[in-house]
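Chain residues, written in single-letter form:
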Amino acid sequence: MSVDRYSRQSFLGKHAEALIRTCVVGAVGLGGGGSHITQQMAHIGFLHYILYDSDVVEEPNLNRHVGATKADATDNTPKIEVARRMILGLQLEASIEAYQSRWQDHPYSLRGCDVIFGCVDGLAERRELEACARRYLIPYIDIGIDVHQVGTEPPVMAGQVILSMPGGPCLTCLGLLTEDELSKETARYGSAGPRPQVVWANGVLASTAVGVAVDLLTDWTRGLRQSVYLCYYGNQAILQPHIRLEYLGTEVCPHYPPGQVGDPLFKAL
Amino acid sequence: MRMTRALYHSVLADLSRPHLFAKERVGFLFARLGTAANSLHLVFPVDYAPVPDEQYIKAANLGIGAEISSASIRLAMQRTMDTGEGALHVHMHEHSGRPRFSRIDSRELPLLVTSFQYACPGAAHGGLLLSKDDAIALLWLPGQADPIPAERISIVGYPLGFYGRQ
């Protein structure tokens, strides 16, 4: 490996490069957000990837899908292949385990990850992914964005970056997932068109998520010591900690008790 | 092996306490099993039981860091039998860098694990050895007579820690 390639990120620490090289990173969803994440992870030097996306590239993806080309849309190239091409273009020795399927169809690979990025649509998908990450003690970084429009007001773009750390508050504790919203979600997803997504907002959230992961791994800031819940206000171009963080107690997350990890354990009564 | 940083800190804090006469402290971690791709076994310590002060025995052999009573071992066996969780003998060598099991550790640990395997054959048992900033583990997977070293020990929290990496 060229020393020069990483010289400008040497401030991450003397062990950072080794940590990054050996970390196994999972990404579920390789579209608008996930394509940014895999590209950046490859630039940083990550070598081990577990990737999931069941979709192929289509024309409407080209407004935001980093690395996808017009030819990919014409050929309906699987998104995992776009990600693979992008990673291998930067890291020839990368090991990439990619599934053109839902992660639930190949869950065993995901359990071997050190960090999981969730770039999925919908709250139910988030809940399932977080539940898996919690059960196998894997930090889960969630990003998401949505656009709402009420009446004649301008559309409102908002999103989030959350680090769900085993043992700490989960997406439900943090208020992102509620039973009410889960039950409503199939009926709506924004009102500015089907699943509204734009490249600049995805880029902000994905870049922030990658920054959180690198800090978690290298501890270069020596400041990341608690939950991350950042809100993105796209209309104002603001990213700030969610106010809910100020009111979190010190109690253990009741949704994922510490003992409920690993494979389910059955005992004869 | 993966455990939360909170649990790891509680183990370190306990093992770092001086004992009246024992040169080192001992405890037991109780762990659940997980399976990942490529037949990878994941071991998740979920709880820690320190050996109480009164269950240490004054060792006749000065080379032994800590000798504990059979009562503490019976308690650990009972728990594995009751819960289905594996038991890991834990102790610490007071230095920095990669620790190594001593000859006494290597002789005694298999005997202890045999007892745990009788109590709960379906779990993974073994030993975890900490230093001030590193760790190694030997694990007996279910049905296995011989141990394997933990490929790595992940401390999950802020920040992530990886020990024992090959």
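Asker: How do you make sense of the interface of chain A and chain B when you look at a structure like this?
Answerer: Interfaces are frequently sized by the accessible area removed from exposure as the parts join. Each side of the interface is counted separately: chain A has 25 residues, and chain B has 22 residues. Counting residues per element, the ones that place at least two in the side of chain A that touches chain B are helix H1 (16-22), helix H5 (107-110) and helix H8 (199-218) of chain A. Taken together, the residues that form the side of chain A that touches chain B break down as 13 nonpolar, six polar and six charged.

Asker: Teacher, can you tell me more about the sheet that holds strand S10 (residues 153-156) of chain B here?
Answerer: The strands making up a sheet associate through hydrogen bonds between their backbones, and the pairing can be parallel or antiparallel. Residue and element names in this part refer to chain B. Pairing is mixed in the open sheet, where three strands are placed in the order S1-S10-S11. For this open sheet the edge positions go to strand S1 (2-4) and strand S11 (161-163), each flanked by a neighbour on one side alone. Strand after strand, the sheet turns through a mean of 20° between neighbouring axes, direction not considered. Where S10 meets S11, three bridges bridge the pair, whose relative direction is antiparallel. Bridge pairing in S11 places Ser154 opposite Phe162. Docked against the sheet, helix H1 (residues 5-15) engages S1 and S10, running at close to 80° with respect to S1.

Asker: Any chance you could explain the environment of Ser131 of chain B here in plain terms?
Answerer: With respect to the helices and strands, Ser131 of chain B occurs in the loop between strand S7 (125-130) and strand S8 (135-140). Those residues in contact with Ser131 of chain B, other than ones at most four positions away along the chain, are Met92, His93, His95, Ser96, Gly97, Arg98 and Pro99 of chain B.

Asker: How should the packing of helix H2 (residues 70-83) of chain B against helix H3 (residues 103-119) of chain B be read in this particular structure?
Answerer: All names here are of chain B. It is the contact of H2 with H3, at a shortest axis distance of 8 Å, that shows an interaxial angle of 35°. H2 and H3 meet at a crossing whose hand is right-handed. Here Ile73, Met77, Thr80 and Met81 of H2 come into contact with H3, specifically with Leu112, Ser115, Phe116 and Ala119. Residue classes in the contact of H2 with H3 are distributed as six nonpolar, two polar and no charged.

Asker: Is there a simple way to think about the pairing of S10 of chain B in this case?
Answerer: Strand residues, when the strand is regular, have side chains that alternate between the two faces of the sheet. Residue and element names in this part refer to chain B. Alternating residues of S10 divide into Ile153 and Ile155 and Ser154 and Val156, and every residue in both groups is buried. Pairing geometry for S1 and S10, over three bridges, is parallel. Directly across from Thr4, in S10, lies its bridge partner Val156. The hairpin formed by S10 and S11 contains four residues between the paired strands.

Asker: Sorry, what's going on with the sheet that holds strand S6 (residues 156-164) of chain A here?
Answerer: All names here are of chain A. Spatially, the eight strands line up as an open sheet ordered S3-S2-S1-S4-S5-S6-S7-S8, and their pairing is mixed. What marks the edges here is a single partner per strand, and that holds for strand S3 (95-99) and strand S8 (238-241). Averaged over all adjacent pairs, the angle separating strand axes in this sheet is 15°, with direction ignored. As paired strands, strand S2 (residues 48-52) and S3 are joined by five bridges and run parallel to one another. Residue Tyr52 lies in a different strand from S3, and its bridge partner there is Tyr99.

Asker: Hey, could you run me through unusual backbone geometry in this one?
Answerer: For residues other than glycine, phi is negative in most cases, and the peptide bonds are mostly trans. With omega at -10°, the peptide bond leading from Tyr158 of chain B into Pro159 of chain B counts as cis. On the secondary structure map, Pro159 of chain B appears in the loop between S10 and S11. One non-glycine residue with positive phi stands out, namely Leu137 of chain A, at about 50°. Not every positive phi belongs to a glycine, and Asn38 of chain B is a case in point at roughly 60°. Note that Asn38 of chain B resides in the loop between strand S2 (26-35) and strand S3 (41-50).

Rules used in this analysis
- For every chain, the first residue of its written sequence is number 1, and the numbers climb from 1 along that sequence.
- Chain letters and ligand numbers both follow the written order, the letters beginning at A and the numbers at 1.
- Totals for whole chains, interfaces and linings use every residue, but because this is a predicted model, local features are given only for residues with pLDDT of at least 70 and side-chain atom pairs only at 80 or more, for both listing and counting.
- Once C-beta atoms have been placed from the backbone, residue pairs whose C-beta atoms lie within 7 Å are recorded as contacts.
- What counts as a helix is a DSSP run of H or I of at least four residues, what counts as a strand is a run of E of at least two, and both are numbered from the N terminus.
- For this scheme, ten residues count as nonpolar: Ala, Val, Leu, Ile, Met, Phe, Trp, Tyr, Cys and Pro. Four count as charged, namely Asp, Glu, Lys and Arg, and the remainder, Gly too, count as polar.
- By this definition, two strands are paired if DSSP reports at least two bridges between them.
- Axis definition: a line fitted to C-alpha atoms, limited for helices to the stretch in contact. Angles are taken between N-to-C directions and run from 0 to 180 degrees.
- Handedness of a helix crossing follows the sense of rotation of the near helix relative to the far helix, less than a right angle counterclockwise being left-handed and clockwise being right-handed.
- Exposure in this text rests on C-beta crowding, where 20 or more other C-beta atoms within 10 Å of a residue's own make it buried, 12 or fewer make it exposed, and counts in between make it partly exposed. The C-beta atoms are placed from the backbone.

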